[in-house]
Amino acid sequence: MTKADLEFCRKTLEACLKNTVPGDAGESIRVNPVADLADMTREAAERDLAIELLDRDSALVRRLRSALDRIQDGSYGICLECGEEIAPRRLKAMPWAELCLRCQERAEVAAVRSRPVSAYLGFRRAA
Ligand SMILES: [Zn+2]
């Protein structure tokens, strides 16, 4: 991973963080999917979905912050699972990636298998 790649990822992470953290939007007014959903909370299903999105947002914020931390301490771009380098192309597309593609795919398969049946029902209801 080159210095330019690293700088690109750092800028992308900071921009994402700025757009994701509430009350820190700066001068750019972006369409906020969470705010939009909060406006139409008449239906319980929509409320559920909004809460789910909020949860996902805070998880993303955590990942963005920890990626920025890893850039600081020099461990950025190393898979947290196997310690191999994450492909720069993958990091440029998803700078908050914590796992290499192989480990990510393995983790996703494991997550699907361990997900309770109610998660599928919830997903289907929300969709
Ligand atoms: Zn890995």
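Residues numbered from 1 in each chain as written. Predicted model: local features only at pLDDT ≥ 70, side-chain atom pairs only at ≥ 80, totals over all residues.

Caption draft 1: Representation of the overall build of the protein chain within the structure. The secondary structure content of the protein chain amounts to six helices and zero strands. Beginning at the N terminus, the succession of helices and strands in the protein chain can be written as α-α-α-α-α-α. When the 127 residues of the protein chain are sorted by exposure, 9% land in the buried category. Counting only contacts in the protein chain whose residues sit at least 6 apart along the sequence, the fraction spanning at least 24 positions is 49%. (Helix = DSSP H or I, 4+ residues; strand = E, 2+ residues; numbered from the N terminus. Buried ≥ 20, exposed ≤ 12 C-beta atoms within 10 Å, placed from the backbone. Contact = placed C-beta atoms within 7 Å.)

Caption draft 2: Structural context of the confidence of the model for the protein chain. Here the protein chain shows a mean pLDDT of 80. Residues at 70 or above account for 70%. When pLDDT is averaged over each element of the protein chain, helix α4 (residues 88-93) comes out on top at 94 and helix α2 (residues 33-39) at the bottom at 56. (pLDDT = per-residue confidence, 0-100.)

Caption draft 3: Quick look at the nonpolar core. Cys9, Leu13, Leu64, Ala67, Tyr76, Ile86, Leu91, Trp96, Ala97 and Cys100 together form the largest nonpolar core, which totals 10 residues. Breaking this core down by element, the ones donating at least two residues are α1 (3-20) and α3 (44-73). With near-sequence residues (within four places) excluded, Ala67 lies in contact with Leu13, Tyr76, Pro95 and Trp96. (Core = buried A, V, L, I, M, F, W, Y, C linked by C-beta atoms within 7 Å.)

Caption draft 4: Spatial organisation of helix α5 (residues 101-114). Look at α5: 20 Å from first C-alpha to last across 14 residues, which is about the 20 Å you get at 1.5 Å a residue. Counting buried residues along α5, only zero of its 14 residues qualify, which leaves the element largely exposed. (Expected span 1.5 Å × (residues − 1).)

Caption draft 5: Inspection of the environment of Asp57 at higher detail. Within the secondary structure, Asp57 is located in helix α3. Along the primary structure Asp57 and Leu17 are separated by 40 residues, whereas in three dimensions their C-alpha atoms are 9.9 Å apart.

Caption draft 6: Seen up close, the environment of Ser66. Mapped onto the secondary structure, Ser66 falls in helix α3. Placed 30 residues apart in sequence, Ser66 and Trp96 show a C-alpha to C-alpha distance of 8.1 Å.

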